[in-house]
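# Fold and geometry: a report
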2 protein chains.
Amino acid sequence: MKLGANEEYGLRCLVRLGYAGEGGSLTIPEISHAEGVSPAYAAKILRILRKGGFVKAARGKEGGYMLARAPESIVIGEVMDVLGGRLFESSFCETHAGQAAICTRSVDCSVRSLWRAVQVAVDHVLSKATLRDLLQNEEEMNAWVRTIPGPSGLRLMQ
Amino acid sequence: MKLGANEEYGLRCLVRLGYAGEGGSLTIPEISHAEGVSPAYAAKILRILRKGGFVKAARGKEGGYMLARAPESIVIGEVMDVLGGRLFESSFCETHAGQAAICTRSVDCSVRSLWRAVQVAVDHVLSKATLRDLLQNEEEMNAWVRTIPGPSGLRLMQ
DNA sequence: GTTAATCTTGACTAAGAAGTACAGATTGGC
DNA sequence: GCCAATCTGTACTTCTTAGTCAAGATTAAC
């Protein structure tokens, strides 16, 4: 059970764009540098996000990417689906579903019901979280960091 | 976020062995046929399970595989770890952890905290479930199937 | 209209996971 | 001892995902 690179970096790019604020736009070089991926790869990921309707692009000079929708309307689960597909697509019973037969291959069914339980647990997190939540989280984080006295003991990255 | 083939078939093979009962053993051809994978692939998976300490093998004639431990002591989460690794190994903050710096790259941290939440949700399911639970589930399933009147309308597979 | 900055697209290469093949080692039964 | 059934290990092929590249299309600014 692994998280794909598209999901990891795709979500980061999206949050980065959200961080740019209402109507704020960022270019591919900016995003790729901020997230530590190559411009070519960032471009590929952003294309996926654009086709998914989460971001929109402006071409030409002064162009760039920006969010296509309000952060609170962007559900992370939907973003993940676009970036990496659903967790469990494997399918034994499903392949026989059209035959209107009941599957007595108990191994299949008991394992499958476990996958379902995991899927539900994951969805419970991802379908409730919106991009707004992630941005919020970040603001709280930043506020907290500002309360820390420095600069002696504490070194801030970047 | 995808389930690996090893995890899918590995767990099936394990449940199949559990189904064989206390001290019951199955050969690779038997397991591979029952689960619909090639003998070569089943062998590969079973080797992983053996190295993980979940099953043990007897070689030579009359040989085969059997559970190495009692079903109630086999936690599914541990099996999954051996078969496919942990969900989130990606690591931005982690790479800087040794530097004792606090990460203000908020995109990284907010995304990371989401992954953590998903991981916790998944673990909540997988660390509670044991092989015994899956076998139990199967028995209930079979009992239910037996209550269905047949053979006219209902076709049972396999 | 020219230019430079930008996204767009499809093809390409690299890396990893999935799945196969085969020669070798072990063991029970005769 | 011999044979057949079985697991063991390594190397191999195939397929998917990750990541790169280069040529093209679009646009704002001058």
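Above this note sits the structure.
What comes next is a walk through the structure. In this text the structure is predicted, and so the values were computed from the model without any measurement.

### Remarks on the packing of aromatic side chains
All names here are of chain A. Enumeration according to the criterion identifies two aromatic pairs over all chains in this entry. Ring geometry for Tyr 9 against Tyr 41: centres 6.2 Å apart, planes inclined by 75°, an arrangement best described as edge-to-face. Of the two residues, Tyr 9 sits in helix H1 (residues 5-19) while Tyr 41 sits in helix H3 (residues 39-51), which places them 32 residues apart along the sequence. Among the residues examined, Tyr 9 registers a relative accessible area of 26% and is labelled partly exposed. Taking the relative accessible area as the measure of exposure, Tyr 41 reaches 24% and is therefore partly exposed.

### A look at the protein's contact with DNA strand C
Close contacts around DNA strand C come from 25 residues, with Arg 59 and Tyr 65 of chain A together with Ser 38, Lys 44 and Arg 59 of chain B the closest. One of the side-chain N or O atoms of Ser 38 of chain B is found 2.3 Å from a phosphate oxygen in DNA strand C. At 3.3 Å from a phosphate oxygen of DNA strand C is found a side-chain nitrogen or oxygen belonging to Tyr 41 of chain B. Elements with a minimum of two residues in the surface near DNA strand C: helix H2 (28-35), H3, strand E1 (55-58) and strand E2 (64-67) of chain A together with helix H1 (5-19) and helix H3 (39-51) of chain B. Per-element accounting of the surface near DNA strand C gives the leading share, three residues, to H3 of chain B.

### Details of the nonpolar core
Core analysis: the biggest nonpolar cluster contains 70 residues, and Leu 11 and Leu 14 of chain A together with Met 1, Leu 11 and Leu 14 of chain B have the highest contact counts within it. With residues up to four places along the chain from it excluded, the contact list for Leu 11 of chain A reads Asn 6, Ile 76, Val 79, Leu 83 and Leu 134 of chain A together with Val 111, Leu 114 and Trp 115 of chain B.

### Let's talk about unusual backbone geometry
A positive phi angle, close to 65°, is found at Glu 62 of chain A, a residue other than glycine. Given a relative accessible area of 76%, Glu 62 of chain A falls into the exposed group.

### Describing the packing of H3 of chain B against helix H4 (residues 76-84) of chain B
Residue and element names in this part refer to chain B. Contact geometry for H3 and H4: axes closest at 10 Å, N-to-C directions at 125°. Accordingly, the angle class assigned to the pair H3 and H4 is oblique. Remark: the crossing between H3 and H4 carries right-handed chirality. Along the contact surface, H3 presents Ile 45, Ile 48 and Leu 49, while H4 presents Val 79, Val 82 and Leu 83. Residue composition of the contact of H3 with H4, grouped by class: six nonpolar, no polar and no charged.

### A word on helix H2 (residues 28-35) of chain B
Residue and element names in this part refer to chain B. Listed in full, the buried residues belonging to H2 are Ile 31, Ser 32, Ala 34 and Glu 35. For H2, the arc enclosing every buried residue in end-on projection is 165°, short of the 170-degree limit, so these residues lie on one face. Of the residues in H2, the exposed ones pointing more than 90 degrees away from the buried face are Pro 29 and His 33. Gly 36 occupies a position one or two residues after H2 and carries a positive phi of about 70°.

### What about the environment of Val 111 of chain A?
Structurally, the position occupied by Val 111 of chain A is in helix H6 (residues 106-126). Residue Val 111 of chain A is classed as buried on the basis of its relative accessible area of 0%. Those residues in contact with Val 111 of chain A that lie beyond four places of it in its chain are Glu 8, Leu 11, Arg 12 and Val 15 of chain B.

### Description of the side chain of Glu 8 of chain B
Inspection of the secondary structure assignment puts Glu 8 of chain B in helix H1. For Glu 8 of chain B, the side chain forms a polar contact with the side chain of Trp 115 of chain A, separated by 2.8 Å.

### Things to note about the pattern of salt bridges
For the structure shown, the criterion picks out 14 salt bridges over all chains. Put simply, Arg 86 of chain A and Asp 81 of chain A hold a salt bridge, and the shortest N to O gap is 3.2 Å. Notably, a salt bridge pairs Glu 8 of chain B with Arg 12 of chain B, separated by 2.8 Å at the nearest N-O pair. Taken as a pair, Glu 8 of chain B and Arg 12 of chain B lie in helix H1 at a separation of four residues, close to a single helical turn. Among the residues examined, Glu 8 of chain B registers a relative accessible area of 5% and is labelled buried. Overall, Arg 12 of chain B belongs to the buried group, its relative accessible area being 3%.

Conventions adopted
- Residues numbered from 1 in each chain as written.
- Chains lettered and ligands numbered in written order.
- Predicted model: local features only at pLDDT ≥ 70, side-chain atom pairs only at ≥ 80, totals over all residues.
- Heavy atoms only, no water.
- Phe/Tyr/Trp six-rings, centres within 6.5 Å; stacked < 30°, edge-to-face > 60°.
- Helix = DSSP H or I, 4+ residues; strand = E, 2+ residues; numbered from the N terminus.
- Buried < 20%, exposed > 50% of the residue type's maximum accessible area, 1.4 Å probe, protein only.
- Near = heavy atom within 4 Å.
- Polar contact = N/O pair within 3.5 Å; in protein donor to acceptor, adjacent residues only side chain to side chain.
- Core = buried A, V, L, I, M, F, W, Y, C linked by side-chain atoms within 4.5 Å.
- Contact = heavy atoms within 4.5 Å.
- Axes fitted to C-alpha atoms, helices over the stretch in contact; angles between N-to-C directions.
- Parallel < 35°, antiparallel > 145°, perpendicular 65-115°, else oblique.
- Left-handed = near helix turned anticlockwise from the far one by under 90°.
- Nonpolar A, V, L, I, M, F, W, Y, C, P; charged D, E, K, R; others polar.
- Arc of directions from axis to C-beta.
- Salt bridge = Lys/Arg side-chain N within 4 Å of Asp/Glu carboxyl O.

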